[in-house]
Amino acid sequence: MNLAQFAIPMACEVPVGAFAVWQIPELGVSVPLYKGQGAVAQKQVDAENSASYMPYGCGHIIADHAESVSNNGKGRWEIGRLRPDDMAFLIRPNRSTEAYRCVQVARVDVHRSCYTLDGIGMYPHSVTDIVCACCTDNGPTENYWALFKRQGVMP
């Protein structure tokens, strides 16, 4: 049994201007998310304690640099360390909290318009799916990818 399934969200404040805070307890990550695309998204990824939240396929993607530090130095964006059944939480400014479960972790190839695995396009399949991504040690042409499925709203 993976005890990460019993994770709970950490107390946090959503910063002014942020869309939400994304938490992955298994990694100690608690990072504010900012909506943006293109150059705006790159600035969000480059900023400290900040990740980009963008539409991707019918769902969304959260991107940050590999090894980015969050949660006052307690967490690192190491997507390749995740395992299926690890939990994550999306905390919105109104304090509503949605639980997510990781269902897939992979190394994927990066293209201008998509990610592929063995030449097959990788996309979320539901509007509530969230993909987390970061570069691997092979550079920007390969990313770690983790697909999270929404489990529901926390009571």
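Source: prediction; values computed, not measured. (Residues numbered from 1 in each chain as written. Predicted model: local features only at pLDDT ≥ 70, side-chain atom pairs only at ≥ 80, totals over all residues. Heavy atoms only, no water.)

Next up on the list: the packing of aromatic side chains. Per the stated rule, a full pass over the model turns up seven aromatic pairs. Judged by centre distance (4.5 Å) and plane angle (20°), the rings of Phe19 and Tyr53 are stacked. Taken together, the residues Phe19 in the segment before strand S1 (20-24) and Tyr53 in strand S3 (residues 51-56) connect sequence positions 34 residues apart. Each member of the pair, Phe19 together with Tyr53, is buried. Measuring from centroid to centroid gives 6.3 Å for Tyr56 and Trp145, while their planes differ by 80°, and the two rings are edge-to-face. Highlighted residues: Tyr56 in strand S3 and Trp145 in strand S12 (residues 139-153), separated in sequence by 89 residues. Relative accessible area serves as the criterion here: at 1%, Trp145 is assigned to the buried category. Members of the aromatic cluster, connected to one another through ring pairs, are Tyr56, Tyr115, Tyr123 and Trp145. (Phe/Tyr/Trp six-rings, centres within 6.5 Å; stacked < 30°, edge-to-face > 60°. Helix = DSSP H or I, 4+ residues; strand = E, 2+ residues; numbered from the N terminus. Buried < 20%, exposed > 50% of the residue type's maximum accessible area, 1.4 Å probe, protein only.)

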